[in-house]
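Structure assessment
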Amino acid sequence: MRRQPAGLQLGRAVGVAFSALRHFMFDRLIDHERSYRGTLLGCKHGLDVVRLLREVALRSGDSAVVRFCDDQLVERIPLLEAAERELAWFADCPTKALRSGLRVAFESAK
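In this report, we go over the structure that sits alongside the text.

The rules we used
Residues numbered from 1 in each chain as written. Predicted model: local features only at pLDDT ≥ 70, side-chain atom pairs only at ≥ 80, totals over all residues. Heavy atoms only, no water. Helix = DSSP H or I, 4+ residues; strand = E, 2+ residues; numbered from the N terminus. Buried < 20%, exposed > 50% of the residue type's maximum accessible area, 1.4 Å probe, protein only. Areas by Shrake-Rupley, 256 points an atom, 1.4 Å probe, with all protein chains shown as cover. Polar contact = N/O pair within 3.5 Å; in protein donor to acceptor, adjacent residues only side chain to side chain. Contact = heavy atoms within 4.5 Å. Core = buried A, V, L, I, M, F, W, Y, C linked by side-chain atoms within 4.5 Å. Expected span 1.5 Å × (residues − 1). Bend = angle between axes of the 7 residues up to and from the residue. Salt bridge = Lys/Arg side-chain N within 4 Å of Asp/Glu carboxyl O.

**Remarks on the overall build of the chain**
Within the chain, the regular secondary structure consists of six helices and zero strands. Helices and strands in the chain line up, N terminus first, as α-α-α-α-α-α. Scored against the burial criterion, the 110 residues of the chain give a buried share of 15%. By element, 64% of the accessible surface of the chain is carried by carbon and sulfur atoms, the whole surface being about 8600 Å².

Following this line, the structure appears as structure tokens:
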């Protein structure tokens, strides 16, 4: 098996570390609504990366990567749109939306 470049391994390790920090620490400090919007931004960023990769693959003639990107976009855009529609919940439930995960954990520990 071919070994991955050190930069790719380091990038993955940093990504995993940031994801863990966000999950176990940062998301618990901010309110639910802000955490949700941050997650949506991350999803949008992921779609933008796929769109950019698709354009690079088009220009380099890599039809397999273009098809992969097309499949990802077809599958994921509707999921993101559905998640965006759910933002209305925060308007319906503002008290819950503005609570932080840390506050919820603290109140349930009492």
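**Section: the side chain of E33**
Positionally, E33 belongs in helix 2 (residues 32-60). A polar contact is formed between the side chain of E33 and the side chain of R37, at a distance of 2.4 Å. Among residues more than four places away in sequence, those in contact with E33 are F90 and A97.

**Quick word on the nonpolar core**
Counting six residues, the largest nonpolar core is built from L40, L47, V50, C69, L73 and L80. If you list the elements that add at least two residues to this core, you get helix 2 and helix 3 (63-85).

**So, helix 2**
Here helix 2 contains 29 residues, and its C-alpha end-to-end distance of 42 Å stays within 8% of the 42 Å for a straight helix at 1.5 Å per residue. Buried residues of helix 2: E33, S35, L40, L47, V50 and A57, and no others. Downstream of helix 2 by a residue or two, G61 has a phi angle that is positive, lying close to 75°.

**A short note on helix 3**
Here helix 3 spans 33 Å end to end across 23 residues, near enough to the 33 Å set by a 1.5 Å rise per residue. R76 marks where helix 3 bends most, by close to 25°; the proline P78 follows one to four residues later. Among all positions of helix 3, only V66, C69, Q72, L73 and L80 are buried. On its buried side, helix 3 packs onto helix 2.

**A word on the pattern of salt bridges**
Counted according to the given criterion, the structure contains six salt bridges. R59 is the partner of E55 in a salt bridge, and the nearest nitrogen-oxygen pair spans 2.7 Å. Here R59 and E55 lie together in helix 2, a separation of four residues that amounts to about one turn. One network of salt bridges, in which partners are shared, links R54, E55, R59 and D70.

Nothing here speaks to function; it is all geometry.
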